[in-house]
Amino acid sequence: QVQLVESGGGLVQAGGSLRLSCAASGRASSSYTTAWFRQAPGKERVIVADITSSGFTGYADVVKGRFTISRDNSKNTVYLQMNTLKPEDTAVYFCAAVRTSQGKYIHWGQGTQVTVSS
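These numbers were taken from a predicted model, which means no experiment stands behind them.

Procedures and definitions
- Residues numbered from 1 in each chain as written.
- Predicted model: local features only at pLDDT ≥ 70, side-chain atom pairs only at ≥ 80, totals over all residues.
- Heavy atoms only, no water.
- Helix = DSSP H or I, 4+ residues; strand = E, 2+ residues; numbered from the N terminus.
- Buried < 20%, exposed > 50% of the residue type's maximum accessible area, 1.4 Å probe, protein only.
- Contact = heavy atoms within 4.5 Å.
- Disulfide = S-S within 2.5 Å.
- Phe/Tyr/Trp six-rings, centres within 6.5 Å; stacked < 30°, edge-to-face > 60°.

(A) Expanded view of the environment of Ala49. Within the fold, Ala49 resides in strand β5 (residues 46-51). Overall, Ala49 belongs to the buried group, its relative accessible area being 1%. Along the primary structure Ala49 and Thr68 are separated by 19 residues, whereas in three dimensions their C-alpha atoms are 7.9 Å apart. Here Ala49 is in contact with Thr34, Ala35, Trp36, Gly58, Tyr59, Ile69 and Leu80, once residues within four sequence places are set aside.

What follows is the structure, given as C-alpha cells:
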C-alpha cells in the first residue's frame, strides 16, 4: 500500500513558478512509476508528467519545456517544478503512483489546487 500527500499548490501570477511535492509512504517511490495529473473545472483528468523507477521522464506536450518532474529517493518524494505558468495551467493537481500493465494508476493523492491569474 502506498499513501501519497501532495503539497505546494497555491495562487500565482502568470509567468510565475510553483513546485509541487508528492510525499510517499508505505513503499519506496524509486520502485514504481509516479505521475502528476491535473483536472481543470469541467474537464477530464489528464496526465502532465511521469517518472519511472529507472528515472525516465515523460511530459504532456502542453507542459514540455516548462515543467520538470524529479524524485528525491532519500525523501521518498516526487516533485513537479512548474515554471512560466499560464492561466490555462489552473487545475487541481494529483499525484498518482504504481502504474499497472494496463496503464492505470493504483494509488492517488488528495490533490492540490493551482490557480494562475492573468
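Moving on from the model shown.
(B) Here's a closer look at the state of the cysteines. One pass over the structure, following the stated rule, counts one disulfide. Residue pairing for Cys22: its cysteine sulfur links by disulfide to Cys95, the two sulfurs lying 1.9 Å apart. Looking down the S-S bond of the Cys22 and Cys95 bridge, the torsion is -75°, so its handedness is left-handed. Taken together, the residues span a long stretch of sequence, with Cys22 in strand β3 (residues 18-25) and Cys95 in strand β9 (residues 91-99) at a distance of 73 residues. Cys95 carries the same exposure label as Cys22, and that label is buried.

(C) Representation of the packing of aromatic side chains in the model. Overall, the coordinates contain three aromatic pairs when judged by the stated rule. Ring plane angle 80° and centroid distance 5.5 Å describe the contact between Phe37 and Tyr105, whose orientation is recorded as edge-to-face. Of this pair, Phe37 sits in strand β4 (residues 34-39) while Tyr105 is found in strand β10 (residues 105-108), placing the two residues 68 residues apart along the sequence. In this structure Phe37 comes out as buried when scored by relative accessible area, which is 11%. By the ring-pair criterion, three or more aromatic residues cluster together here, those being Phe37, Tyr105 and Trp108.

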